[in-house]
Amino acid sequence: MAPGLGVSLPEIRLGGRAVLSAATLDFAGGKVTALLGPSGVGKSTLLRLLAGLLPLPAGARVAPADGAPLAGRVAWMGQQDLLLPWLTLLDNVCLGARLRGERPDQPRARALIAAVGLEGREGARPAELSGGMRQRAALARTLMEDRPFVLMDEPFSAVDAPTRHRLQSLAAGLLHGRTVLLVTHDPLEALRLAHRILVLRPGPRGAVPEDLPMPPAPPLRAAHDPAVLAAQAALLERLAEAA
Ligand SMILES: Nc1ncnc2c1ncn2[C@@H]1O[C@H](COP(=O)(O)OP(=O)(O)OP(=O)(O)O)[C@@H](O)[C@H]1O
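This is a predicted model, so every value here is computed, not measured.

Overview of helix 5 (residues 131–144)
And step 1. Taking 1.5 Å per residue, 14 residues should reach 20 Å; helix 5 reaches 20 Å between its end C-alpha atoms and fits that length.
And step 2. The element helix 5 is largely enclosed, with a buried count of twelve among its 14 residues.
And step 3. Turning to helix 5, its buried residues number three or more, namely M133, R134, Q135, R136, A137, A138, L139, A140, R141, T142, L143 and M144.
And step 4. Lining the buried residues of helix 5 we find strand 7 (74–77), helix 2 (89–93), helix 3 (95–99), helix 4 (106–115), strand 8 (149–153) and helix 6 (161–174).
And step 5. Positive backbone phi, approximately 50°, marks D146, located one or two places after helix 5.

As structure tokens, then:
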């Protein structure tokens, strides 16, 4: 089971504007936390701060619960698949190791490609794959890194609804036991996958994270579970209020 992550941030200002309010957040180890909120509220900013893609301001603390540093233990998956068009699927999945000058673990890459349902397509270039297949390839590449912390910024937003549903089911199994922070605009995605949902509500001193009550069943929740449907309606209302 991956460790938890303690985060304490001062007010985050970008372009002269308060984007995120000062906040202390504890992300439970081995659990998925979904982050929702209106467009431009600061979801990606929070994720980028944790990923080290934005510099942490003085006084900020991002500390894994096991006491070891976070650096080098984070996998990232974004909205764009970022597959290199000139590489095969197998080489794309192995890209991280190659960039680090390591010998890729090809059997592991092949096993992950099979796990995301792309067995037999190892030699295909990204242009030969559909959008859903490319996102599955990106998921395999993210998991190839085998990091305890996974940060996902709208990973499935570019695919159609049935494909997204399948990708969510796949991700729930493959991400099991990792500490995941998932940014999404899709309330049902959050309710199917997450142990905890945070809604970022805009405020005068930056956006404030608020917990949402969760349905009793653990993830992966069924989309037709009445408790999930009720929570979805409540979440939509909360998002409309926050917008
Ligand atoms: N480097 C930057 N410099 C100045 N302002 C920035 C920078 N990066 C983001 N912002 C601003 O910070 C705010 C939050 O942006 P962010 O991308 O985190 O929002 P978001 O909630 O992820 O939005 P979306 O749902 O549309 O992806 C926005 O107003 C954005 O314009």
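What to know about the domain arrangement of the chain
And step 1. Splitting the chain by domain gives domain 1 (5–73 + 148–242) and domain 2 (83–146).
And step 2. The interface of domain 1 with domain 2 comprises ten residues on the first partner and nine residues on the second.
And step 3. Take the side of domain 1 that touches domain 2: its biggest share by element is five residues, from helix 6.
And step 4. A breakdown of the residues in the side of domain 1 that touches domain 2 according to their chemical character gives nine nonpolar, one polar and no charged.

Calculation notes
- Residues numbered from 1 in each chain as written.
- Predicted model: local features only at pLDDT ≥ 70, side-chain atom pairs only at ≥ 80, totals over all residues.
- Helix = DSSP H or I, 4+ residues; strand = E, 2+ residues; numbered from the N terminus.
- Expected span 1.5 Å × (residues − 1).
- Buried ≥ 20, exposed ≤ 12 C-beta atoms within 10 Å, placed from the backbone.
- Contact = placed C-beta atoms within 7 Å.
- Domains from an automatic or database assignment.
- Nonpolar A, V, L, I, M, F, W, Y, C, P; charged D, E, K, R; others polar.

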